[in-house]
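Geometric and topological summary
Here are the chains, one letter per residue:
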Amino acid sequence: MYIGLDLGTSGLKGLLIDDAQRVLAEASAPLSVSRPAEGWSEQSPASWIGAAESVLGALSAHGLRAVRGIGLSGQMHGATLLSASDDVLRPCILWNDTRAHAEAAELDADPRFRAITGNIVFPGFTAPKLVWVARHEPEVFARVAKVLLPKDYLRLWLTGEHVADMSDAAGTSWLDCAGRDWSDTLLAATGLNRAQMPRLVEGSAVSAALRPELAMRFGLPAGVVVAGGGGDNAASAVGVGVVRAGQAFVSLGTSGVLFAANDSYQPDPATAVHTFCHALPGKWHQMGVILAAADALNWFAAFVGSDAAQLTGALGPLRAPGKARFLPYLGGERTPLNDAAIRGAFIGLEHATNREAATRAVLEGVSFALRDCRDALAATGTRIESLLAVGGGARSDYWLAAIATALGTPVSVPVAGDFGGAFGAARLALMAATGAGAEIATCPPISHVIEPVFALAQAFDEGHARFRAAQAAIKGLT
């Protein structure tokens, strides 16, 4: 058996699979986010350990004596700062924290960062956060002995080792993504050095072994290996079998992601596309990322005193975009805007705009933002031949129809089951323990395919054009 642990923003999920990749058990534990100032987003690493203890305790009821490997998936970019004795120096600064926007702009103005990492330095990335800490909390920065990504702090608890994988490390702005190694040049540019970084392994490789006391506590055998694992989206791609060029998925979670696998390294930072190492050796991937997808729908649902399922369940068949437009920039935006200051807006509201029309506008706004991501990926030469839908928002066929029509691409919906980060992490554990490779990362069975509504294609093209015009109009106003 194999365990996958996925450390998300809102919770930690654990999945237990057998060697035929059948899900045997699952468990989850909630997490909360602290927002002590505007644009800030933090979590206590101690809460991750508590969540992991809860999840492993629940899974242990199934019996874990046959477990051979554990894989890790996690939210990317978080800055977990440790002292020489591995004490946590401050709350972790999360991926959706934008306090370091000025520092990110300064680093991005240094041409070495784009040249070496293949990416823009975004405010949510790890390196600018450390520059912010150096400036605003110098007493903390002076004590930093190790910088770990969130899932790798879990690994430290599991194994006692400081290790990161290539896909997660690619989101720090310190990794040479072509060479798959830390860049001493970029570390020095932020006042750091290689000794303060974790050791690097591929996501499907063995990173370390489970500590004997934890094995005993949760009923696992001796010698369980912990795989390198992956950043949440790379692990999710392994979970849904998006591991070869032409394969892609759209994720409608807290954030929105259009993820495409690549067999080669083809960066184009100017597009604001993320070009990262995949969680498998010799593979890369590209992502267009929007910061609010299901998060935008959940925000609107709370705003009108409803819940997301009620709002989307009442919409019926896909309709042409109306006059109301929604720009989903509730906390800034990444692809293609790279703008931490921009904020969302409803425009085109009229007397006829009711709750249903506004709900459609929210779904359309996220769909059009994902179309912007598709256009940015296409500009680098990345092609999308097949598209899977994952995440909580994928439960809405209306939303998927809007995305399929906006992108002009059919969207495949997997059968009921979890094929996300935790499942991908469990697959990486299987690879690490057995030596298997990408061939085991097969695509899941498909429940149904949402085809584009071609009769509405022109209306959605026109809607996207209005969306882009509104995007330009609100820049600097919000």
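In what follows, the accompanying structure is described. Quick caveat: nothing in here was measured; it's all calculated off a predicted structure.

About the cut-offs
Residues numbered from 1 in each chain as written. Predicted model: local features only at pLDDT ≥ 70, side-chain atom pairs only at ≥ 80, totals over all residues. Heavy atoms only, no water. Helix = DSSP H or I, 4+ residues; strand = E, 2+ residues; numbered from the N terminus. Polar contact = N/O pair within 3.5 Å; in protein donor to acceptor, adjacent residues only side chain to side chain. Contact = heavy atoms within 4.5 Å. Disulfide = S-S within 2.5 Å. Core = buried A, V, L, I, M, F, W, Y, C linked by side-chain atoms within 4.5 Å. Buried < 20%, exposed > 50% of the residue type's maximum accessible area, 1.4 Å probe, protein only. Phe/Tyr/Trp six-rings, centres within 6.5 Å; stacked < 30°, edge-to-face > 60°. Salt bridge = Lys/Arg side-chain N within 4 Å of Asp/Glu carboxyl O.

In this structure, E103 sits in helix α2 (residues 101–109). Only 3.5 Å separates the side chain of E103 from the side chain of R135, close enough to count as a polar contact. Once residues lying within four places of it in the same chain are set aside, the contact partners of E103 are P128, V131, W132, R135 and H136.

Below, the discussion takes up the state of the cysteines. Any covalent bond linking the sulfur atoms of two cysteines counts as a disulfide. Considering all chains together, one arrives at 0 disulfides under this definition. Not engaged in a disulfide, the cysteine C92 finds its nearest cysteine sulfur in C177; these two sulfurs lie 20 Å apart.

Once that is clear, we can look at the nonpolar core. The biggest cluster of nonpolar side chains holds 54 residues, and the ones touching the most others in it are L252, V366, L400, I403 and V411. Looking at which element gives the most residues to this core, the answer is helix α13 (residues 355–379), with 11 residues. Sequence-distant contacts of V411, that is, excluding residues within four places in its chain, are made with L387, A389, L400, I403, A404, H448, V449 and I450. Membership of the second largest hydrophobic core comes to 50 residues, among which are L81, V140, C177 and L192.

Attention now goes to the packing of aromatic side chains. In total, this model carries 14 aromatic pairs according to the counting rule given. For the ring pair Y265 and W284, a centre distance of 6.1 Å and an interplane angle of 45° mean the geometry is tilted. Of this pair, Y265 sits in the loop between β17 (256–262) and β18 (274–277) while W284 sits in strand β19 (residues 284–290), and the two are 19 residues apart along the sequence. Note on F368 and F467: the rings are 5.7 Å apart at their centroids and 50° apart in plane angle, and the pair reads as tilted. In this pair, F368 is assigned in helix α13 and F467 in helix α16 (residues 457–474), connecting sequence segments 99 residues apart. Summarising the burial analysis for this pair, F368 and F467 share the class buried.

Under the definition given, this model contains 29 salt bridges. In this structure, R90 and E137 form a salt bridge, with 2.6 Å as the shortest nitrogen-oxygen distance. One end of the pair, R90, is in the loop between β6 (80–82) and β7 (92–93); the other, E137, is in the loop between α4 (126–136) and α5 (138–141), and 47 residues separate them in sequence. Both residues of the pair, R90 and E137, belong to the buried class. With a shortest N-O distance of 2.5 Å, E213 and R211 are connected by a salt bridge. The class for E213 is partly exposed, based on a relative accessible area of 45%. The class for R211 is partly exposed, based on a relative accessible area of 21%. Salt bridges sharing partners connect three or more residues here, namely E42, R90, D97, R99 and E137.

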